[in-house]
Amino acid sequence: MEEIKVFCPATIANVSCGFDVLGLALESVGDEMVVRKIDEPTIRIRKIIGQELPLETDKNVAGVAGLALLEKSSCSHGFEIEIYKNIKPGSGIGSSAASSAGAVWAMNQLLDTPFSPLELVQFAMQGEKLASKVAHADNVAPAIYGGFTLVRSYAPLDIVPIHTPNELYATVVHPQIEIKTSDSRKILKTNITLEKGIQQWGNLGGLIAGLFTEDYGLIGRSLEDHIIEPIRSILIPEFEHVKKAVMEQGALGSGISGSGPSIFALSKGLETATKVAGAMKAIYAKTDLDFDVHVSKISSKGVQPITKKA
Ligand code: ADP
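Heads up: these notes are all about the structure in this document. (Residues numbered from 1 in each chain as written. Predicted model: local features only at pLDDT ≥ 70, side-chain atom pairs only at ≥ 80, totals over all residues. Heavy atoms only, no water.)

### Details of the overall build of the protein
Moving on, step 1. A tally of helices and strands in the protein yields 10 helices and 11 strands.
Moving on, step 2. Taking 19 Å as the expected radius of gyration for a compact globule of 310 residues, we find that the protein reaches 19 Å, a close match to that expectation.
Moving on, step 3. With the C-alpha coordinates of the protein rotated into their principal frame, the extents come out at 55 × 40 × 35 Å.
Moving on, step 4. For the protein, the proportion of its 310 residues judged to be buried stands at 56%.
Moving on, step 5. Once local pairs closer than 6 in sequence are excluded, the contacts in the protein between residues at least 24 apart make up 73%.
Moving on, step 6. Carbon together with sulfur atoms contributes 52% to the accessible area of the protein, which is approximately 13,300 Å² in total.
Moving on, step 7. Here the protein holds 30 positive side-chain charges and 35 negative ones, and the gap between their average locations is 0 Å. (Helix = DSSP H or I, 4+ residues; strand = E, 2+ residues; numbered from the N terminus. Rg over C-alpha atoms; globule rule 2.2 N^0.38 Å. Buried < 20%, exposed > 50% of the residue type's maximum accessible area, 1.4 Å probe, protein only. Contact = heavy atoms within 4.5 Å. Areas by Shrake-Rupley, 256 points an atom, 1.4 Å probe, with all protein chains shown as cover. Lys, Arg positive; Asp, Glu negative; His and termini not counted. Charge placed at Lys NZ, Arg CZ, Asp CG, Glu CD.)

Structure (structure tokens):
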């Protein structure tokens, strides 16, 4: 195979109680990428459609993640990449992660899969480091594995795929204000009280148990964050209104997607998720902000081939 076209899913990191460790992949929101072999032993970003992003290999997360893979590979050629961007950078639904994960997943396919998913996450984390100065894995892990993933440990890296109930849907609203991941990390406190720690690991354990047992009530009760959300939500206009309105429509729970400004809600079933989207739209339609709303099933798959050319 000389060339591959892939779908690179948007992802929701943190998912309320899982700051820096939990993430999920969306089924119907994402970018597309074409990756093909070239003779020169390098990575070239050939074109980017949909967003203004750097074409220089070392300034684009796809290039940086790709170079990390190439360095560990024994292949003598390189790759060129085309990015068709649907996920707005800085939206909080893993725009950079989609490109980092998509690039390394596609390259691995063209090399006949010498690398494991865990190794691909490690390469993609180098792209995340470029985007936000921290090599976090909570977006790239679900983008590569699909479904929910838990980063149990960063050193050594240990990714745990988490069962995803079939009727679980996400609704995401992106109010278009810019919050840089690096900026929204700076405002966080580095210490937490034991009391807050107890609440958070109780909820994280509850959420994981709820996902494995498909207990939607438990999933909903566990979608709480008393540590990060109270600080970061101040940066997001209408946050409290949205939280209240989505619960009135029957959402299981909601919170900040990644580092914001997007807000996510999880629901059981498409019907509720669609009602939740209506409530989000009604709130932002009353403001002068531009916004996007997405409704998507939680995907059990990560980056996927779209078409293959031999
Ligand atoms: P998100 O949370 O949506 O991933 P981040 O703020 O973490 O957004 O990352 C976006 C940053 O990464 C922007 O500064 C953007 O210029 C940079 N970047 C570099 N390459 C890419 C790419 N291929 N896709 C998205 N963002 C990229």
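So, next bit.
### Re the nonpolar core
Moving on, step 1. Counting residues in hydrophobic clusters, the biggest one holds 69 residues, and the most contacted among them are Val 15, Ile 81, Val 121, Phe 148 and Leu 266.
Moving on, step 2. Here this core gets 9 residues from one element, more than from any other, and that element is helix 2 (residues 95–110).
Moving on, step 3. With near-sequence residues (within four places) excluded, Val 15 lies in contact with Leu 22, Gly 23, Leu 24, Phe 148, Leu 207, Leu 223, Phe 264 and Leu 266.
Moving on, step 4. In this structure, Phe 239, Val 242, Val 276 and Met 280 belong to the second largest nonpolar core, which totals 16 residues. (Core = buried A, V, L, I, M, F, W, Y, C linked by side-chain atoms within 4.5 Å.)

### Quick look at the packing of aromatic side chains
Moving on, step 1. Applying the stated rule across the entire model yields 2 aromatic pairs.
Moving on, step 2. Between the aromatic rings of Phe 115 and Phe 123, the centroid separation amounts to 5.0 Å while the plane-to-plane angle is 85°, which identifies the pairing as edge-to-face. The pair Phe 115 / Phe 123 is uniform in exposure class, with both members buried.
Moving on, step 3. Look at Tyr 284 and Phe 291: their rings are 5.9 Å apart centre to centre, the planes differ by 40°, and that puts the pair in the tilted class.
Moving on, step 4. A residue is classified by how much of its surface remains accessible, and Tyr 284, at 0% relative accessible area, is buried.
Moving on, step 5. Exposure remark for Phe 291: the relative accessible area of 25% places this residue in the partly exposed category. (Phe/Tyr/Trp six-rings, centres within 6.5 Å; stacked < 30°, edge-to-face > 60°.)

### Side note on the side chain of Asp 225
Moving on, step 1. As for its position among the elements, Asp 225 is in the loop between helix 7 (216–222) and helix 8 (229–232).
Moving on, step 2. This buried residue, Asp 225, is left without a salt bridge; Arg 232 holds the nearest opposite charge, at 7.5 Å.
Moving on, step 3. Of the polar contacts made by the side chain of Asp 225, one reaches the backbone nitrogen of Ile 227; its length is 2.8 Å.
Moving on, step 4. Separated by 2.9 Å, the side chain of Asp 225 and the backbone nitrogen of Glu 229 make a polar contact.
Moving on, step 5. With residues near it in sequence (within four places) discarded, Asp 225 still touches Ser 16, Cys 17, Gln 200 and Pro 230. (Salt bridge = Lys/Arg side-chain N within 4 Å of Asp/Glu carboxyl O. Polar contact = N/O pair within 3.5 Å; in protein donor to acceptor, adjacent residues only side chain to side chain.)

### Things to note about the pattern of salt bridges
Moving on, step 1. All chains considered together, the criterion is met by 14 salt bridges.
Moving on, step 2. In this structure, Glu 80 and Arg 44 form a salt bridge, with 3.4 Å as the shortest nitrogen-oxygen distance. In this pair, Glu 80 sits in strand 4 (residues 78–84) while Arg 44 sits in strand 3 (residues 43–49), placing the two residues 36 residues apart along the sequence.
Moving on, step 3. Each of Glu 3, Arg 36, Glu 40, Arg 44, Arg 46, Glu 80 and Glu 82 takes part in one network of salt bridges that share partners.

### A few points about helix 10 (residues 270–285)
Moving on, step 1. Along its 16 residues, helix 10 runs 22 Å from first to last C-alpha, staying within 8% of the 22 Å computed at 1.5 Å per residue.
Moving on, step 2. Those residues of helix 10 that fall on the buried side of the exposure criterion are Thr 272, Ala 273, Val 276, Ala 277, Ala 279, Met 280, Ile 283 and Tyr 284. The arc enclosing the buried residues of helix 10, seen along the axis, measures out at 165°, which places them on a common side. Looking at helix 10, the residues exposed on the side facing more than 90 degrees away from the buried face are Glu 271 and Ala 285.
Moving on, step 3. In this structure, the buried side of helix 10 is in contact with strand 7 (168–175), helix 9 (239–248), strand 9 (263–268) and strand 10 (291–297). (Expected span 1.5 Å × (residues − 1). Arc of directions from axis to C-beta.)

### Some thoughts on the state of the cysteines
Moving on, step 1. Per the counting criterion, the structure on display carries 0 disulfides.
Moving on, step 2. In this model Cys 75 remains outside any disulfide bridge; the closest cysteine sulfur is found in Cys 8, 19 Å from its own. (Disulfide = S-S within 2.5 Å.)

### Focus: the environment of Gly 258
Moving on, step 1. Relative to the helices and strands, Gly 258 resides in the loop between strand 8 (253–256) and strand 9.
Moving on, step 2. For Gly 258, a relative accessible area of 9% translates into the label buried.
Moving on, step 3. It is 9.9 Å that separates the C-alpha atoms of Gly 258 and Ser 184, two residues lying 74 residues apart in sequence.
Moving on, step 4. When residues no more than four places from it in sequence are discounted, the contact partners of Gly 258 are Ala 13, Asn 14, Gly 92 and Arg 232.

### Some words on a nonpolar patch on the surface
Moving on, step 1. Residues Leu 194, Ile 198 and Trp 201 make up a contiguous nonpolar surface patch of about 370 Å² in total accessible area.
Moving on, step 2. By the element assignment, Leu 194 lies in helix 6 (residues 194–213). (Patch = residues over 30% accessible without salt bridge, like charges linked within 9 Å, V, L, I, M, F, W, Y side chains within 5 Å.)

### A short note on the side chain of Lys 243
Moving on, step 1. Here Lys 243 lies in helix 9.
Moving on, step 2. Residues in contact with Lys 243, not counting those within four places in the same chain, are Glu 229 and Ser 254.

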